[in-house]
Amino acid sequence: MAHLKIGNQIITSAKIPHLLAGFQMLPQLCRLLVIETAISLIELTPSERECVIEQFYQNNQLTTPQAIAKALEHYSMSLEQLEAVAMRELKIEKLKQATWGTKLESYFLQCKPQLDKVIYSLIRTFDAEVAQELYFRIKAGEQTFADCASMYSQGAEAQTQGMLGPVTISQPHPAIAQKLTISQPGQLWPPMKLDEWFVIVRLEKLIPAQLDDAMRSTLLNHLFETWLAEEISKAQLTIHEEEGESGRAGNFSHSPTPNSPALVTR
């Protein structure tokens, strides 16, 4: 029976699942296995393979046979496994493009209202009368929004003369976001009550989202992570004892956890 030896400890294959569970590593293993299955049919061209492995070696200072041998020993890997790690990220990117690349335009249009960014000014106070007075001063041009925010706003925005952003339009409080969504730049809204606050809001600038390279990458990652979470939720994670062994079989509920490999993949 295969086993691991770490120092003076011998860890049998039967103990490994329980160790993974005890160290909360089973959800991460599940995530990696789902990804590995999905990219198993993704092929790289010889030039892509050569380029990505060379870049991987450079990123990890594996530039000599001795350094590579040391890494293989450290991770108890074969050269084939090390090169598989080197190619994994590119295969994942190819999977994303093949699966969702042609859907990005429609998905972007669907999500665009939440992706647009705004710069806005905010004053908040606990006093309704103060809020009303400040609103009339600003509206009449008797005092600037910036001055009023600096002097009277009771939130952190007082340090920036009331100016906030740019942020995605979905980031502020929903009631504020709703006002900003229907505002024209420069539009000042009368005080509204939000929880214990009385709030004055003015839209300064709308920054429409664009489907550039950065946005494409963000949307692809979101679609990939959404799909991955669904696939992981379908995978019933259990430990089955071999016949004759004492113990239990357990189900583990889990959510995706970030993949944090020790080796830099890009």
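Keep in mind the model is a prediction, meaning the values are calculated, not measured. (Residues numbered from 1 in each chain as written. Predicted model: local features only at pLDDT ≥ 70, side-chain atom pairs only at ≥ 80, totals over all residues. Heavy atoms only, no water.)

Student: Got a minute to help me understand a nonpolar patch on the surface in this structure?
Tutor: Taken together, the side chains of L19, F23 and M25 make up a nonpolar region of the molecular surface, amounting to roughly 300 Å² of accessible area. Position of M25 among the secondary structure elements: in the loop between α1 (16–22) and α2 (26–39). M25 sits in the partly exposed class, given a relative accessible area of 42%. (Patch = residues over 30% accessible without salt bridge, like charges linked within 9 Å, V, L, I, M, F, W, Y side chains within 5 Å. Areas by Shrake-Rupley, 256 points an atom, 1.4 Å probe, with all protein chains shown as cover. Salt bridge = Lys/Arg side-chain N within 4 Å of Asp/Glu carboxyl O. Helix = DSSP H or I, 4+ residues; strand = E, 2+ residues; numbered from the N terminus. Buried < 20%, exposed > 50% of the residue type's maximum accessible area, 1.4 Å probe, protein only.)

Student: Before we go on, may I ask you to explain unusual backbone geometry in this structure?
Tutor: Glycine aside, negative phi is the norm for most residues, and most peptide bonds take the trans geometry. Cis peptide bonds are those with omega within 30 degrees of zero, and the linkage from G165 to P166 qualifies with 5°. For P166, the location among the structural elements is in strand β4 (residues 163–168). Notably, Q161 is not glycine yet its phi reads approximately 55°, a positive angle. Assessed through its relative accessible area of 45%, Q161 is described here as partly exposed.

Student: Sorry, what's going on with the pairing of strand β5 (residues 188–194) here?
Tutor: Working note: regular strand, side chains alternate between the two faces of the sheet. Note: β5 against strand β6 (residues 197–207), five bridges, orientation antiparallel. Residue pairing for β6: W189 is matched across the bridge by V201. Here β5 folds back onto β6 in antiparallel fashion, the turn holding two residues, of which D195 has a positive phi close to 55°. (Pairing = 2+ DSSP bridges.)

Student: Even after reading the chapter, I still don't get the packing of aromatic side chains, so can you show me in this structure?
Tutor: For any pair of aromatic rings, geometry is given as the distance between the ring centres together with the angle between the planes. Within this structure, the stated rule accounts for six aromatic pairs. Centre to centre, the rings of F126 and W197 are 4.1 Å apart; their planes meet at 20°, and the pair counts as stacked. Here the residue F126 occupies a position in the loop between β3 (117–125) and α7 (128–140), and W197 occupies one in strand β6, the gap between them amounting to 71 residues. Chaining the aromatic ring pairs together yields one cluster made of W100, F224 and W227. In this structure, R124 packs its charged tip against the face of W197, placed 5.0 Å from the ring centre. (Phe/Tyr/Trp six-rings, centres within 6.5 Å; stacked < 30°, edge-to-face > 60°. Lys NZ or Arg CZ within 6 Å of the ring centre and 35° of its normal.)

Student: So what exactly am I meant to see when it comes to the pattern of salt bridges here?
Tutor: Close approach of charged atoms allows side chains with opposite charge to pair. For the structure on display, the rule yields 11 salt bridges. Salt-bridge contacts for R137 lead to E133; the nearest nitrogen and oxygen are separated by 3.2 Å. Separated by four residues within a single helix, R137 and E133 lie in helix α7, roughly one turn from each other. Look at R137 and you get partly exposed, because its relative accessible area is 22%.

Student: Would you take a moment to explain helix α9 (residues 174–181) for this structure?
Tutor: It helps to recall that an α-helix has 3.6 residues per turn; residues three or four apart then point in one direction. By the burial criterion, the buried members of α9 are I176, A177 and L180. Projected onto a plane normal to the axis of α9, the buried residues spread over an arc of 100° and lie on a single side. Exposed residues on α9 whose side chains face more than 90 degrees from its buried face are P174 and T181. On the buried face of α9, the contacting elements are β3, β5 and β6. (Arc of directions from axis to C-beta. Contact = heavy atoms within 4.5 Å.)

Student: Help me understand the packing of α7 against helix α8 (residues 145–152) in this model?
Tutor: Axis angle and axis distance: for two packed helices, these are the angle between their axes and the distance between the axes, and together they describe the pair. Close contact between α7 and α8 brings their axes to 9 Å; oriented N to C, the two are set at 155°. Looking at the two axes, α7 sits roughly antiparallel to α8. The chirality of how α7 crosses α8 is right-handed. Where α7 abuts α8, its residues L134, R137 and I138 lie against F145, C148 and Y152. Across the contact of α7 with α8, the residue classes break down as five nonpolar, no polar and one charged. (Axes fitted to C-alpha atoms, helices over the stretch in contact; angles between N-to-C directions. Parallel < 35°, antiparallel > 145°, perpendicular 65-115°, else oblique. Left-handed = near helix turned anticlockwise from the far one by under 90°. Nonpolar A, V, L, I, M, F, W, Y, C, P; charged D, E, K, R; others polar.)

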